[in-house]
Amino acid sequence: MTDKAPKAAPGPKSPDSAAEVTAPDISGGERDVPVAELFLWLYRLFYSKTLGLTVILLFALYAFIGSLLPQATKEVLADPWAKEAFLNARRPALGRMTTALDALGLFHVFTSIGFYAVVSLLALSIIACTVHRMPELVKREREPRVHVAPRFFDKARYRARIPSPDGVPASLEAAREVLHGARWRVIPDDRDPEHCLYADRNARSGIGTVLAHTAFVLILGAFVVSSTWGIEEDLTVPVGSSVEIGHGTGLSVRANSFTDSYTDTGQPMDYVSDLSILRGEAEVAHQEVRVNSPLSVEGYRLHQASYGTSADVTIADAAGTVLAQRSVPLQWQTPQRTEAYGRVDLPDGRAVYVFLPASGQAMSQIAPGTAVFGLAPDGHSDPQAEQQAEAGTAARLEDLTVTFDRERQYTGLTLRRDPGTPIMWAASALLMIGMSITFLMPYRRLWVRVEPDEKGAGSVIRLGSVSRLDITFERMFAALVGRIEDAVASPEGPEDPDPAASAKESKEKELSDHE
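Bear in mind the structure is a predicted one, so any value in this text is a computation, not a measurement.

So, how was this worked out
- Numbers given for residues are sequential positions, taken from 1 along each chain in its written order.
- Only residues with pLDDT of 70 or above have their local features reported here, since the model is predicted, and side-chain atom pairs are shown and tallied only from 80 upward, although totals for entire chains, interfaces and linings are computed over all residues.
- Processing note: side-chain calculations cover all non-hydrogen atoms of the structure and skip hydrogens and water entirely.
- The definition of a nonpolar core used throughout is a set of buried Ala, Val, Leu, Ile, Met, Phe, Trp, Tyr and Cys residues joined through side-chain atoms within 4.5 Å.
- Working definition: with a 1.4 Å probe on protein chains only, accessible area under 20% of the residue-type maximum means buried, over 50% means exposed, and in between means partly exposed.
- Counting from the N terminus, the helices are DSSP H or I runs at least four residues long and the strands are E runs at least two residues long.
- Contacts are residue-level and defined by heavy atoms, with any inter-residue pair within 4.5 Å sufficient.
- Surface patches are drawn from residues lacking salt bridges whose relative accessible area is over 30%; two like charges belong together within 9 Å, two nonpolar side chains (Val, Leu, Ile, Met, Phe, Trp, Tyr) within 5 Å.
- Each accessible area is a Shrake-Rupley result for a 1.4 Å probe, and residues are judged covered by the shown protein chains and nothing else.
- One speaks of a salt bridge when a side-chain nitrogen belonging to Lys or Arg is within 4 Å of a carboxyl oxygen belonging to Asp or Glu.
- For two strands to count as paired, DSSP must find a minimum of two bridges between them.
- Between the first and last residue of a helix there are one fewer steps than residues, each counted as 1.5 Å, and that sum is the expected span.
- When the centres of two rings from Phe, Tyr and Trp lie within 6.5 Å, Trp using its six-membered ring, the rings pair. Their planes under 30 degrees apart give stacked, over 60 give edge-to-face, and anything left gives tilted.
- Should the NZ of a Lys or the CZ of an Arg lie within 6 Å of a ring centre and within 35 degrees of the ring normal, that charge is described as sitting over the ring.

### What to know about the nonpolar core
By size, the foremost hydrophobic cluster in this structure holds 25 residues, and its most contacted members are Leu-179, Trp-184, Leu-446, Val-448, Ile-461, Leu-463 and Phe-477. Of all elements in the fold, only strand 1 (158-164), helix 8 (168-181), strand 3 (196-201), strand 19 (444-452), strand 20 (459-465) and helix 11 (471-488) reach the threshold of two or more residues within this core. In contact with Trp-184, other than residues within four places in its own chain, are Leu-179, Ala-199, Asp-200, Arg-201, Arg-444, Arg-445, Leu-446, Phe-473, Met-476 and Leu-480.

### So, the environment of Asp-166
For Asp-166, the position within the fold is in the loop between strand 1 and helix 8. Apart from the residues lying within four places of it in its own chain, the contact partners of Asp-166 are Ser-171, Gly-458, Ser-459 and Val-488.

### Section: a nonpolar patch on the surface
Together, Leu-38, Trp-41, Leu-42 and Leu-45 give the surface a local cluster of nonpolar side chains, amounting to about 360 Å² of exposed area. Checked against the element boundaries, Leu-45 lands in helix 1 (residues 35-46).

### Things to note about the pairing of strand 18 (residues 400-417)
For a regular strand, side chains alternate in direction, first toward one face of the sheet and then toward the other. Of the strand pairs in this sheet, strand 4 (residues 231-238) and strand 18 are connected by eight bridges, and their pairing is antiparallel. Residue pairing across strands places Glu-232 opposite Arg-416, the latter belonging to strand 18. Summarising the sheet, strand 10 (residues 300-316) and strand 18 pair through 15 bridges and their orientation is antiparallel. Its bridge partner lying in strand 18, Ile-315 is registered against Val-402. Pairing geometry for strand 17 (residues 394-397) and strand 18, over four bridges, is antiparallel. Along strand 18, the bridge assignment pairs Arg-396 with Thr-401. Hairpin geometry of strand 17 and strand 18 is characterised by an intervening segment of two residues between the two adjacent antiparallel strands and by a positive phi of about 55° at Glu-398.

### Some details on helix 8
For helix 8, spanning 14 residues, the distance from its first C-alpha to its last is 20 Å, which sits close to the expected 20 Å at 1.5 Å a residue. Residues of helix 8 that are buried: Val-168, Ser-171, Leu-172, Ala-174, Ala-175, Arg-176, Val-178 and Leu-179. Residues of helix 8 that are buried sit in contact with strand 1, strand 2 (185-188), strand 3, strand 19, strand 20 and helix 11. Arg-183, located one to two residues past helix 8, shows a positive phi value of around 65°.

### A short note on the packing of aromatic side chains
Enumeration over the complete set of coordinates arrives at 20 aromatic pairs. With centroids separated by 6.1 Å and ring planes inclined at 50°, the aromatic side chains of Tyr-158 and Phe-477 adopt a geometry described as tilted. Of the two residues, Tyr-158 sits in strand 1 while Phe-477 sits in helix 11, which places them 319 residues apart along the sequence. Look at Tyr-158 and you get buried, because its relative accessible area is 1%. Aromatic ring contacts, followed pair by pair, group Phe-59, Tyr-62, Phe-110, Phe-115 and Phe-223 into a single cluster. The ring centre of Tyr-443 lies 4.1 Å from the NZ or CZ of Arg-140, which sits over that ring. The aromatic ring of Tyr-300 is capped on one face by Arg-417, whose charged end is 5.6 Å from the ring centroid.

By themselves, these figures tell us nothing about what the structure is for.
Written out as structure tokens, the structure reads:
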């Protein structure tokens, strides 16, 4: 065994031959991230399928919660008393969860910050996916793949082999004419134009995908616009009086009359409000409003929603100054549902409650024709100092005198204004157009290769396509094969006593819809 001599230690290098090495900076200092790199990272994040699937599931979760839990309107949320009444109505069923659900914004899901974030992420994901795919859609129209290897025709999902008695140029021209006649775009193979060609149809149908994705983004935008700036609030209008619509319209709605009808079993059959829309004293619109026949005026719609009893009351202070004189809709019921009540908010922050027997409730402790009044000193607490008063008489509540004048009906209306409607209509039109283009004009393509016949007579036309399994395209492909066969068939030929045997020997065709 021979011992190896140890290697000599490398000597110092001359200054001319020494390599200059720069050590990496590991000092932990800040490194500037190029803006382009950050943008590309965000772009890749937004068009990733993982993010897209995640935000779709979150959107579905918010929609499920919004349909499962009662949702408070913006007007209810803006009024502390109305919001507290809304939450109190939920507590018997939800208990301690009510406070937590309110903190998470789940009683106004579609205007919550979390929902806006999910909608924004979903819109950005759709936009990124569309932008990411657009180069491919443009390329297939401008720079399609016109060349395939010869072995492609042996493995293509749809393939055919058509014998031709003509030579290669004539057979290739016959195939070209047939495809042109069938409205296919034909492009010669740039590598072998004498033997091969490419054909496609509806190469621009990718615009349907772009339109559909644009429609989805607009639908999300319309939803946000409607949730944020839309109006949906309840109006209670006593018959014979008017209520301002508000929102800077200068309009008011007057209930001229109300009619309700019932079946023999006592079920409501129809109820109709005769309404007038006024600007000052001038009537702007007039219509009978039913549940499915709203009144539309200046972008607002009034829907028939409910009806009930109201109480005409007059409230005066100790000096006899009238603080309020109105018909109070009794739109709420006590927990026992035996009494209906409403409230009047006074200028000093106090509130007067008015109680009457609920319609059809014989168990009420309030006698017919009698009203009970209560005073809430801070406007939010339970009513106190309750007093009764018959029709036409007054009751004393501390320094207030409250007179019960009479009962009458009120009609409950829902005022709606949806600024997202035009956007939704435009999005729906784009979606219909995009989906129609996508499904009625699918992208089709095939390749043709003409080779000399191995037997030395004529040529062989080979067709191949990579389209997905599609019965419609299978029929289209078979029809093209049949037309090419007819185009290259020789009109003159020796008569054969056995046509079936002659056909078997003269042509061989393979048509398959599976690999």
